[in-house]
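# Close look at the chain arrangement
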Amino acid sequence: RRIVSELGDVVHKKTSGHILYAVKLLNSMVRDSTIYFDLKLCRFDWRWDKVCTLKTADGVADFIVSTFSKLEPEVLHSLRILSCLGFQCDFDVIELLDSSSVESFQGISSALQHLADVGIIEIAGGLVEFTHDLIQQHVYEGFEQEQRKKLH
């Protein structure tokens, strides 16, 4: 039996085998040092007690939404602006907003790569889109209606 079989079983069980969710879960376990590289063993190892007690969200979208608290304020602001544009948006529109004289719209483009790296959005073929419609909906509904009115 392979060394990682037990870890693989736990990850599979907690993610229902959904690959995006599994990757996100494994990345979060590396970030919080549940999984780490052991120099003495020359391999990755994990803290079994933390793996077994790991709390997970109900779904992929919930899991990704849980990462919002770790975003920088400027990145979160850009994410909120993107949510007002809908599930997907033409990259040209984002560049137009970014280059506008309205200060609250500036800096959106610089946040895009980070948002893509953490799995919140995807950038492809001149489009920027949320990886899940529930993520866009959560972001949009997650800030005050008065702020949404200003952005619209």
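Our structure is the block above this text.
My aim in this report is to walk through the structure given alongside it, one point at a time. Every value quoted in this text rests on a predicted model; they were computed, and no experiment measured them.

Read across the sheet, 3 strands follow the order β3-β5-β4 without closing on themselves; strand pairing throughout is antiparallel. Lying at the two open borders of the sheet, with one neighbouring strand each, are β3 (88–90) and β4 (121–124). Each neighbouring strand pair of the sheet contributes to a mean axis angle of 15°, computed without reference to strand direction. Strand direction decides the pairing type here: β4 and strand β5 (residues 127–130), joined by 4 bridges, are antiparallel. Considered in β5, the bridge of Ile123 is made with Val128. In this fold helix α6 (residues 91–98) packs onto β3 and β5, with an angle of close to 70° to the strand it touches most, β3.

Attention now goes to the nonpolar core. Ranked by size, the top nonpolar core spans 19 residues in total, and within it Leu79, Leu115 and Ile120 carry the most contacts. Looking at this core, the elements with two or more residues in it are α5 (73–84), α6, α7 (108–117), β5 and α8 (133–141). Judged by nonpolar contacts, the second largest core, of 10 residues, contains Val10, Leu25, Val51 and Leu54.

What counts, and at which threshold
All chains use their own residue numbering, which begins from 1 and follows the written sequence. The predicted nature of this model means local features are confined to residues of pLDDT at least 70 and side-chain atom pairs, given and counted, to a pLDDT of 80 or more, with totals for whole chains, interfaces and linings taken over all residues. Computation of side-chain values: all heavy atoms of the structure, hydrogens and water removed. Two strands make a pair as long as DSSP finds a minimum of two bridges between them. Counting from the N terminus, the helices are DSSP H or I runs at least four residues long and the strands are E runs at least two residues long. As a rule, the C-alpha atoms of each element are fitted with a line to give its axis, helices using only the stretch in contact, and angles between N-to-C directions run from 0 to 180 degrees. We call two residues in contact when some of their heavy atoms are within 4.5 Å. To define a nonpolar core, start from buried Ala, Val, Leu, Ile, Met, Phe, Trp, Tyr and Cys residues and group those joined through side-chain atoms within 4.5 Å. Categorising residues by exposure relies on relative accessible area from a 1.4 Å probe, with only protein chains included: less than 20% of the type maximum marks a residue as buried, more than 50% marks it as exposed, and the intermediate range marks it as partly exposed.

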